[in-house]
Structures are given as structure tokens and as C-alpha cells.
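# Summary of structural features
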Amino acid sequence: MTLVGLLLLILVGALCGAIAQMIVGFSAGGFLGSVVVGFLGALIGTSLARWVGLPSLLGVTIDGYTVEVFWAILGAIVLLAVLAMTRRAAYRTRL
């Protein structure tokens, strides 16, 4: 993998994470948080889509790696929703 390919994958992951954070309304952090949420969302969303047998939507291929943007955003939304529920529940119990 080239440096440019790695940077593009990081950028796509950050965009997917940022879009999911805007939709859910919960932020897991700054730029690095968006990148982590985007990559984990891509893993979760793609795995769920393949498990259910859904087609590939909005696939972007960078250096031989295909990122399915739609499923990455949906996976990141699921991840952020779970994080938001657990973080807010923990915050409420401390009050």
C-alpha cells in the first residue's frame, strides 16, 4: 500500500465517521475519533451487510481495498448509538 492510498483510506474513514457523528448527534472525539469510528463502522457495517446478503452500495476502491461507504456509515451509526447509550447511562448514574 502506498502512502497516498493510506492517507485516502484515512480520509474516507474520517468522512464516514464524521457523517455518522452528525446523524447521531454524539461525538466520539475529534479527527482521530472520527477516523476510528469510520473504520470500526466500516468493519461492522460491511460484516452485517455480507451476513444478511445485502449488495454492495457506494463502493470506493483504493489500492485494492474496497470501502463500501453506505455500509460504513450505517455501521458507524450503530456503533455511535451504542456508545451514546452507554456513555449517557454511565453519566446519569453518577449524578
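Above this note sits the structure.
As the structure is a computational prediction, the values presented were derived from the model and not from experiment. Numbers given to residues run from 1 along each chain, matching the order in which its sequence is written. Predicted model: local features are reported for residues with pLDDT of at least 70 only, side-chain atom pairs are reported and counted for 80 or more only, and whole-chain, interface and lining totals are derived from all residues. To obtain the side-chain values, all non-hydrogen atoms of the structure were included, while hydrogens and water were left out.

### A few points about the side chain of Gln 21
Note the cut-off: For helices the rule is a DSSP run of H or I covering at least 4 residues; for strands it is a run of E covering at least 2, with both sets numbered from the N terminus onward. For this analysis, a polar contact is any N or O atom pair within 3.5 Å, provided that within protein one partner can donate a hydrogen and the other can accept it, and provided that sequence-adjacent residues contribute only side-chain to side-chain pairs. In this analysis, two residues are considered to be in contact whenever any of their non-hydrogen atoms come within 4.5 Å of each other.
Structurally, the position occupied by Gln 21 is in helix H1 (residues 3–24). Looking at Gln 21, its side chain comes within polar contact range of the side chain of Ser 34, at 3.4 Å. What Gln 21 contacts, discounting residues up to four positions off in sequence, is Phe 26, Ser 27, Ala 28, Gly 29, Gly 33, Ser 34, Val 37 and Leu 80.

### What to know about the environment of Thr 61
Along the chain, Thr 61 turns up in strand S1 (residues 59–62). C-alpha separation for the pair Thr 61 and Gly 5, spaced 56 residues apart in sequence, amounts to 9.8 Å. Here Thr 66 takes part through its side chain, which lies 3.2 Å from a polar atom of the side chain of Thr 61.

### Some words on the packing of aromatic side chains
This is how the line gets drawn: Classification of ring pairs uses Phe, Tyr and Trp, with its six-membered ring standing for Trp, and accepts pairs whose centres are within 6.5 Å; under 30 degrees between planes counts as stacked, over 60 as edge-to-face, and the remaining range as tilted. Accessibility here uses a 1.4 Å probe with only protein chains present; expressed as a share of the type maximum, an area under 20% marks a residue as buried, one over 50% as exposed, and anything in between as partly exposed.
Counted according to the given criterion, the structure contains one aromatic pair. Ring plane angle 75° and centroid distance 5.0 Å describe the contact between Phe 70 and Trp 71, whose orientation is recorded as edge-to-face. Judged by its relative accessible area of 34%, Phe 70 falls in the partly exposed class.

### Quick notes on the pairing of strand S2 (residues 65–68)
Working note: regular strand, side chains alternate between the two faces of the sheet. To be explicit about the condition: Following DSSP output, two strands are said to pair if at least two bridges run between them.
Two strands pair when backbone bridges link them, and S1 and S2 are joined in this way by four bridges, in the antiparallel orientation. What sits directly across from Gly 59, in S2, is Glu 68. Counted along the chain from S1 to the antiparallel partner S2, the turn is two residues long, and its residue Asp 63 has a positive phi close to 50°.

### Comments concerning helix H2 (residues 31–52)
For clarity, the threshold we go by: Expected helix span is given by 1.5 Å per residue-to-residue step, counting one fewer step than there are residues.
Taking 1.5 Å per residue as the helical rise, H2 with its 22 residues ought to reach 32 Å, and the 31 Å between its terminal C-alpha atoms agrees with that figure. Listed in full, the buried residues belonging to H2 are Gly 33, Ser 34, Val 35, Val 37, Gly 38, Gly 41, Ala 42, Gly 45, Thr 46 and Ala 49. Phi turns positive, to about 90°, at Gly 53, one or two residues after H2.

### Examining the nonpolar core
Heads up, the condition is: Definition of nonpolar core: a set of buried residues of the types Ala, Val, Leu, Ile, Met, Phe, Trp, Tyr and Cys, connected through side-chain atoms within 4.5 Å.
Among the nonpolar cores identified, the biggest contains nine residues, and these are Leu 9, Val 12, Cys 16, Ala 42, Ile 62, Val 67, Val 69, Ala 72 and Ile 73. If you list the elements that add at least two residues to this core, you get H1 and helix H3 (69–94). Ignoring any residue separated from it by four or fewer positions in sequence, one finds Val 12 in contact with Ile 62 and Val 67. Counting residues in each nonpolar core, the second largest holds seven residues, with Ala 20, Phe 26, Leu 79 and Ala 84 among its members.

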